Amino acid sequence: MALRDLVKDVHTEAEESSFAQLLMSGNITKEQYANYLYQQELIYYALEQRASKLGMMKKIPKMKRHYKILDDFHNLEIDEDFYTFDSTQSYIDYVKTINETQCWAHIYVRHFGDMYGGNMISKRIPFGKHTMYEFEDKKGLIEYVRSKLTEDMADEAKLVFSYAIKMFKELEKEYGL
């Protein structure tokens, strides 16, 4: 069974969260989107640092999102200070401890999510740049990462989704959604 089928339930749960629905609706405010990007930048920085430390990003440097997220965030020109959510900090702390196999599950959930879902999100966000959703050599990246995936990664991938869901819930609480 493919990894995507093994994580379908928690993937659906993440997609059906109020914040994910807001992202897809196109009705998100600039402030809400900026806070989302702020959390994402911290998450991706930690994940990509860990993947680099494990030597994984050498073959897929075009997969990196951290700088693109940062650029998109600054492009919004929001004059507000955001704080790091508990879920974001917990994820950052956790990702520092993962091994290479676990890291592939994180890249699968996070980066593939932006590759696929991000394509739809970028069409609906009415402001700012959306470079975080633009991937060079998308086909090659997908092929390479898929070659690293196994069914054994399902529990770790589900954990990544659970962190995303927690972040969505914190965003929902922050904005009364």
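This text goes with the structure placed above it.
This write-up is about the structure you can find in this document. This is a predicted model, so every value here is computed, not measured.

**Section: the nonpolar core**
With 60 residues, the main nonpolar core has Tyr33, Tyr36, Met63 and Ile107 as its most contacted residues. Elements supplying a minimum of two residues to this core: helix H2 (8-15), helix H3 (18-25), helix H4 (30-53), helix H5 (66-75), helix H6 (86-95), helix H7 (100-124), helix H8 (138-148) and helix H9 (154-174). If we skip the residues at most four places from it in the chain, tyrosine 36 touches Phe19, Leu23, Tyr133, Met167, Phe168 and Leu171.

**Quick notes on the packing of aromatic side chains**
Applying the stated criterion across every chain yields a total of 13 aromatic pairs. Ring plane angle 50 degrees and centroid distance 6.1 Å describe the contact between tyrosine 38 and phenylalanine 73, whose orientation is recorded as tilted. Residue tyrosine 38 is found in helix H4, and its partner phenylalanine 73 is found in helix H5; the two are separated by 35 residues along the sequence. An aromatic cluster of at least three residues, connected via ring pairs, comprises Phe19, Tyr33, Tyr36, Phe127 and Phe168. Sitting above the plane of the tyrosine 163 ring, lysine 166 keeps its charged end 5.4 Å from the centroid.

What counts, and at which threshold
Residues numbered from 1 in each chain as written. Predicted model: local features only at pLDDT ≥ 70, side-chain atom pairs only at ≥ 80, totals over all residues. Heavy atoms only, no water. Core = buried A, V, L, I, M, F, W, Y, C linked by side-chain atoms within 4.5 Å. Buried < 20%, exposed > 50% of the residue type's maximum accessible area, 1.4 Å probe, protein only. Helix = DSSP H or I, 4+ residues; strand = E, 2+ residues; numbered from the N terminus. Contact = heavy atoms within 4.5 Å. Phe/Tyr/Trp six-rings, centres within 6.5 Å; stacked < 30°, edge-to-face > 60°. Lys NZ or Arg CZ within 6 Å of the ring centre and 35° of its normal.

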